[in-house]
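Now for the letters of each chain:
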Amino acid sequence: MTKGSPLSGRDPKDSERTTINVTDGTLIPSRDEGGLLSAWNISFFGAVGLLVALPLISPDPYLRILSFVPDGLIATFSVTLSSIFFALIIGLFAGLGRVSQNKAINRVSTIYVEIIRGIPLLVQLFYIYYALGPLLRLQGPPAAILAMSICYGAYMAEIFRAGIQAIPKGQMEAALALGMSRATAMRRIIIPQTVRIILPPIGNEFIALLKDSSLVSILAVSDLLRRGREYASTSFRYFESYTVIALIYLVMTLFFSRLVAMMEEKLRHRGNVH
Amino acid sequence: METYIEIKDAVKTFNGTIQALRGVDLSVKKGEVVLIIGPSGSGKSTLLRSVNRLERLDSGSILIDGESVTDENADIRHIREEVGMVFQSFNLFPHLNVIDNITLSPTVVLKKGKEEAVAQGRKLLAKVGLSDKETAWPEQLSGGQQQRVAIARALAMNPKVMLFDEPTSALDPEMIKEVLDVMTDLAREGMTMLVVSHEMGFARAAAHRIIFMDAGQIVEEAPPETFFTSPREDRTRRFLEHIL
């Protein structure tokens, strides 16, 4: 999970102190970080190379493993994409709640964020699937998506909140002075400007969620990790199975990191807006 | 001339300690241009911002055209439609181009048709001398141009009164005149204006009355000619020595 989003530096209280900003983003290369870029190159092309070379060198078991796990890849992606979609919706509303002037809404949103961020994702998965299982009667995949959406929704809420608060106060004042309601001003003025700022941190959350989706293999979800475990436990090829699984995760996260970095750079070069 | 804005005993305290307004009475007539000056922290911006309730008064009342701004049940959005405001920092919407900045509120708030709003927007751009900037983005404009767009944007709501909160304070000297010219034209057309500014050129050219505020109170008010040549109060004289 992203520990310090790039937005955290905008908090005036933070900027007075010396802070270090360590994020998942250390994996994310940018053009001015040549060392990191080459580290990315070595990791990414090394992993891709191994995934190609290993099955060629020893088809048994590597080619068998590679043909066994694609089902899991589909499950991993469908869980990740569905969760990020619902997490964004939850995050938008909870984030708006966090900046709401309505005390009750504000309190409820804040409590949601505090509770969810205080409980490990794995515990939340167990809770929804096992503890609330008799009540919710959900299959593995929907339970996994529900738990991950609720969990990541809280982190998304903080990103939306920080994004909204990063927009200068004058924007809301100008909109109000023009006769707009607060809701209209949010929709037409504040949120469109927020989207631009929060795209990179949301990209980071996506990568984090992709990695965390491996936790759902605990529930009855045949994701990438679970498929690897299934192969390993029938063939007793633990080393080979988990090596392939690790490499596939690595290739995916490095690929998406690069994508987020490119998006970030593009946004920066286009200047502020439009 | 009839009274258009009526401020009575306005009191405002920030954070429970800083007294921004300590009982201000002010009435502005229709078509009158009133300039508010005073040292920083004298409460002049707070007074201006409470007219369209960007600041809420602790006590006292403000009426615009007989309608209460300060009443809890006031239809503040309707009042704001008729009160244009121009800010020190322009506050153009950076994600919208110039014409969209101007037409957004007329279409969204006043429910005007897009074509009608654009036609009116073009007229206003011509009025502020920026017809060629219709599709420009705010960040591509100089400060003076941005402020003129901001004035056009406020005028697009057909306001009955315009508030200017230090409209030229953030501008480089060579851009101040282009903004003041637009404001002077507006004053000549009979717009009711409440202006917080230290631009004495504008004061002489367009203001009907000058209000000097200090420590949350109105110290002195007079027409520009008497205000500058024979101020009554010591405090005013000292202030004028600093800025003239």
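Quick caveat: nothing in here was measured; it's all calculated off a predicted structure.

Caption draft 1: Broad picture of the overall build of chain A. The helix and strand inventory of chain A stands at 12 helices and zero strands. Traced from its N-terminal end to its C-terminal end, chain A shows the element sequence α-α-α-α-α-α-α-α-α-α-α-α. In chain A, once contacts between residues fewer than 6 apart in sequence are set aside, the share between residues at least 24 apart is 73%.

Caption draft 2: The interface of chain A and chain B, seen in detail. Across the contact, 20 residues belong to chain A and 23 residues belong to chain B. Interface area for chain A against chain B, summed over the two sides, is near 2,000 Å², with a carbon-plus-sulfur share of 64%. Our count for the contact surface shared by chain A and chain B stands at one salt bridge. Residue assignment for the side of chain A that touches chain B shows that the elements contributing at least two residues are α9 (169-177) and α10 (182-212) of chain A. If one sorts the elements of the side of chain A that touches chain B by residue count, α9 of chain A sits on top with seven residues.

Caption draft 3: Spatial organisation of a positive patch on the surface. Taken together, the side chains of Arg187 and Arg188 of chain A together with Arg77 and Lys111 of chain B make up a positively charged region of the molecular surface. Within the fold, Arg187 of chain A resides in helix α10.

Caption draft 4: Seen up close, the packing of helix α8 (residues 140-166) of chain A against α10 of chain A. Residue and element names in this part refer to chain A. The contact between α8 and α10 brings their axes to 8 Å, and the two run at 140 degrees. One finds that α8 runs oblique with respect to α10. Considering how the two elements wind past one another, α8 and α10 form a crossing that is right-handed. From α8, Met148, Tyr152, Tyr155, Met156, Ile159, Phe160, Gly163, Ile164 and Ala166 reach across to α10, where they touch Met186, Ile190, Ile191, Thr194, Ile197, Ile198, Pro201, Ile202, Glu205, Ala208, Leu209 and Asp212. Considering only residue class, the contact of α8 with α10 consists of 17 nonpolar, two polar and two charged.

Caption draft 5: Seen up close, the nonpolar core. Residues Leu125, Tyr152, Val216, Leu224 and Ile248 of chain A are the most contacted members of the largest nonpolar core, which totals 53 residues. Residue contributions to this core peak at 13 residues, all from α8 of chain A. Dropping the residues within four chain positions of it, Leu125 of chain A is found in contact with Ala144, Ala147, Met148, Leu215, Val216 and Leu219 of chain A. Counting residues in each nonpolar core, the second largest holds 51 residues, with Ile191 of chain A together with Val69, Ile76 and Met213 of chain B among its members.

Caption draft 6: Structural view of the sheet that holds strand β7 (residues 161-165) of chain B. Residue and element names in this part refer to chain B. Spatial ordering of the open sheet is given by β6-β7-β8-β3-β9-β10, a layout of six strands whose pairing is mixed. Each end of this open sheet is capped by a strand with a single partner; those strands are β6 (83-86) and β10 (217-222). Neighbour to neighbour, the strand axes of the sheet diverge by 20 degrees on average, direction disregarded. Docked against the sheet, helix α9 (residues 234-243) engages β3 (33-37), β9 (209-214) and β10, running at close to 100 degrees with respect to β9.

Caption draft 7: Representation of a negative patch on the surface in the model. Taken together, Glu2, Asp65, Glu67 and Asp75 of chain B make up a surface patch of like negative charges. With respect to the helices and strands, the residue Glu2 of chain B is situated in the segment before β1 (3-14).

Caption draft 8: Region of interest: the sheet that holds strand β5 (residues 67-68) of chain B. All names here are of chain B. What the four strands build is an open sheet, ordered β2-β1-β4-β5; its pairing is antiparallel. With partners counted over all chains shown, the strands left at the sheet margins are β2 (18-29) and β5, one partner each. Here β1 pairs with strand β4 (residues 59-64) via five bridges, running antiparallel. Each residue of the ladder has a partner; that of Ile7, found in β4, is Ile62.

Caption draft 9: View of the confidence of the model for chain B. Across chain B, the average pLDDT comes to 93, with 100% of residues at 70 or higher. Note on the complex model: pTM 0.82, ipTM 0.94.

Caption draft 10: Geometry of empty space enclosed by the protein. One pass over the full model with this rule turns up three cavities of 30 Å³ or more. In this structure, the largest cavity occupies an estimated 70 Å³ of space. Around the largest cavity, the lining comprises 14 residues; the ones closest to its centre are Ala177 and Leu178 of chain A together with Gly84, Met85 and Ala154 of chain B. Listed by contribution, the elements that provide at least two residues to the lining of the largest cavity are α9 of chain A together with α2 (76-81), β6 and α5 (143-155) of chain B. Among the residues forming the lining of the largest cavity, the class breakdown is 10 nonpolar, one polar and three charged.

Caption draft 11: Up close: helix α3 (residues 59-68) of chain A. Residues and elements named next belong to chain A. For α3, the complete set of buried residues consists of Pro61, Tyr62 and Ile65. Summarising the axial view, the buried residues of α3 lie within an arc of 105 degrees, below the 170-degree limit, and thus occupy one face. Seen from the open side of α3, the exposed residues pointing more than 90 degrees away from its buried face are Arg64 and Ser67.

Caption draft 12: Summary view of the packing of helix α3 (residues 98-108) of chain B against helix α4 (residues 114-127) of chain B. All names here are of chain B. Where α3 contacts α4, the two axes come as close as 9 Å, and the packing angle between them is 130 degrees. The orientation of α3 relative to α4 falls into the category oblique. Pair α3 / α4 crosses with right-handed handedness. Two secondary-structure elements touch here, α3 through Val98, Ile99, Asp100, Ile102, Thr103, Pro106 and Thr107 and α4 through Lys114, Ala117, Val118, Gln120, Gly121, Arg122 and Leu125. Residues belonging to the contact of α3 with α4 are distributed by class as follows: seven nonpolar, four polar and three charged.

Caption draft 13: Geometry of the pattern of salt bridges. Applying the stated criterion across every chain yields a total of 23 salt bridges over all chains. Across the pair Glu166 of chain B and Lys44 of chain B runs a salt bridge, and its minimum N-O distance is 3.9 Å. Residue Glu166 of chain B is found in the loop between β7 and α6 (173-188), and its partner Lys44 of chain B is found in helix α1 (residues 44-51); the two are separated by 122 residues along the sequence. Taking the relative accessible area as the measure of exposure, Lys44 of chain B reaches 6% and is therefore buried. With a shortest N-O distance of 3.0 Å, Arg49 of chain B and Glu55 of chain B are connected by a salt bridge. According to the relative accessible area criterion, Arg49 of chain B is buried, its value standing at 13%. Using a relative accessible area of 15% as the deciding quantity, one classes Glu55 of chain B as buried. Connected through salt bridges with shared partners, the residues Asp60, Arg64, Arg237 and Glu240 of chain A form a single ionic network.

Caption draft 14: Here's a closer look at the environment of Val34 of chain B. Residues and elements named next belong to chain B. Relative to the helices and strands, Val34 is located in strand β3. For Val34, a relative accessible area of 0% puts it in the buried group. Along the sequence, Val34 and His208 sit 174 residues apart, while their C-alpha atoms lie 6.0 Å from each other. Among residues more than four places away in sequence, those in contact with Val34 are Val28, Met193, Leu194, Val195, Arg209 and Ile211.

Rules of the game
- Residues numbered from 1 in each chain as written.
- Chains lettered and ligands numbered in written order.
- Predicted model: local features only at pLDDT ≥ 70, side-chain atom pairs only at ≥ 80, totals over all residues.
- Heavy atoms only, no water.
- Helix = DSSP H or I, 4+ residues; strand = E, 2+ residues; numbered from the N terminus.
- Contact = heavy atoms within 4.5 Å.
- Buried area = accessible area lost by both parts, 1.4 Å probe.
- Salt bridge = Lys/Arg side-chain N within 4 Å of Asp/Glu carboxyl O.
- Patch = residues over 30% accessible without salt bridge, like charges linked within 9 Å, V, L, I, M, F, W, Y side chains within 5 Å.
- Areas by Shrake-Rupley, 256 points an atom, 1.4 Å probe, with all protein chains shown as cover.
- Lys, Arg positive; Asp, Glu negative; His and termini not counted.
- Charge placed at Lys NZ, Arg CZ, Asp CG, Glu CD.
- Axes fitted to C-alpha atoms, helices over the stretch in contact; angles between N-to-C directions.
- Parallel < 35°, antiparallel > 145°, perpendicular 65-115°, else oblique.
- Left-handed = near helix turned anticlockwise from the far one by under 90°.
- Nonpolar A, V, L, I, M, F, W, Y, C, P; charged D, E, K, R; others polar.
- Core = buried A, V, L, I, M, F, W, Y, C linked by side-chain atoms within 4.5 Å.
- Buried < 20%, exposed > 50% of the residue type's maximum accessible area, 1.4 Å probe, protein only.
- Pairing = 2+ DSSP bridges.
- pLDDT = per-residue confidence, 0-100.
- 1 Å grid on protein atoms, 1.4 Å probe; cavity = no way out; pocket = protein on both sides within 12 Å on 5 of 7 lines; lining within 4 Å.
- Points joined across faces, edges and corners; volume = space filled by probe spheres on them.
- Arc of directions from axis to C-beta.

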